Amino acid sequence: SGDMTFEATEKAIANVAQEDSDEGFVFVLSDANLRRYGLAPHELGRRLIADDSVRAYALFLASFGEEAERIRRELPPGRGFVVLDTADLPNLFREIFVTNVLAE
């Protein structure tokens, strides 16, 4: 067993990039336990911005609040979010979508 965050992120972005759509989004949900598997946050960040046709975001469902914040700080600006309470997810998705619509 191990963490498949990087591989899953790459595959999701590649799949979305192949779709014929106006906008492509990928949301990576993680427990923010990258360190346990020896994964570097900047490597996740590199993957999140690898394809300009897909807007990819990492959402850390954090039981490890401090670790999640550390990872978020190492990602490209606006690409990582820490969620301490899953009840906050709908508002976070709305915020991400609204921000993207307004940016166009």
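Residues numbered from 1 in each chain as written. Predicted model: local features only at pLDDT ≥ 70, side-chain atom pairs only at ≥ 80, totals over all residues. Heavy atoms only, no water.

Trainee: So what's going on with the overall build of the protein? Residues and values would help.
Mentor: Each helix and strand in the protein was counted, giving 4 helices and 3 strands. Of the regular secondary structure in the protein, the N- to C-terminal order runs α-β-α-β-α-β-α. For 104 residues, the compact-globule estimate of 2.2 N^0.38 gives 13 Å, and the protein sits close to it at 13 Å. With the C-alpha coordinates of the protein rotated into their principal frame, the extents come out at 35 × 25 × 20 Å. Contacts in the protein between residues far apart in sequence, at least 24 positions, make up 65% of those at least 6 positions apart. Accessible area for the protein stands at about 6400 Å²; split by element, carbon and sulfur atoms hold 50% of it. Side-chain charges in the protein split into 11 positive and 19 negative, and the spacing between the mean points of these groups amounts to 5 Å. (Helix = DSSP H or I, 4+ residues; strand = E, 2+ residues; numbered from the N terminus. Rg over C-alpha atoms; globule rule 2.2 N^0.38 Å. Contact = heavy atoms within 4.5 Å. Areas by Shrake-Rupley, 256 points an atom, 1.4 Å probe, with all protein chains shown as cover. Lys, Arg positive; Asp, Glu negative; His and termini not counted. Charge placed at Lys NZ, Arg CZ, Asp CG, Glu CD.)

Trainee: Can you break down the packing of helix 1 (residues 5-18) against helix 2 (residues 41-48) residue by residue, with the values?
Mentor: The N-to-C vectors of helix 1 and helix 2 enclose an angle of 5°; their axes lie 10 Å apart at closest approach. Considered as vectors, helix 1 and helix 2 are oriented roughly parallel to each other. Along its contact with helix 1, which presents Thr5, Phe6, Thr9, Glu10 and Ile13, the element helix 2 presents Glu43, Leu44, Arg47 and Leu48. The residue inventory of the contact of helix 1 with helix 2, partitioned by class, reads 4 nonpolar, 2 polar and 3 charged. (Axes fitted to C-alpha atoms, helices over the stretch in contact; angles between N-to-C directions. Parallel < 35°, antiparallel > 145°, perpendicular 65-115°, else oblique. Nonpolar A, V, L, I, M, F, W, Y, C, P; charged D, E, K, R; others polar.)

Trainee: Before we move on, could you go through unusual backbone geometry and cite the residues and values that matter?
Mentor: Located in the positive-phi region is alanine 32, a residue other than glycine, with phi close to 65°. If you trace the backbone, alanine 32 turns up in the loop between strand 1 (24-30) and helix 2.

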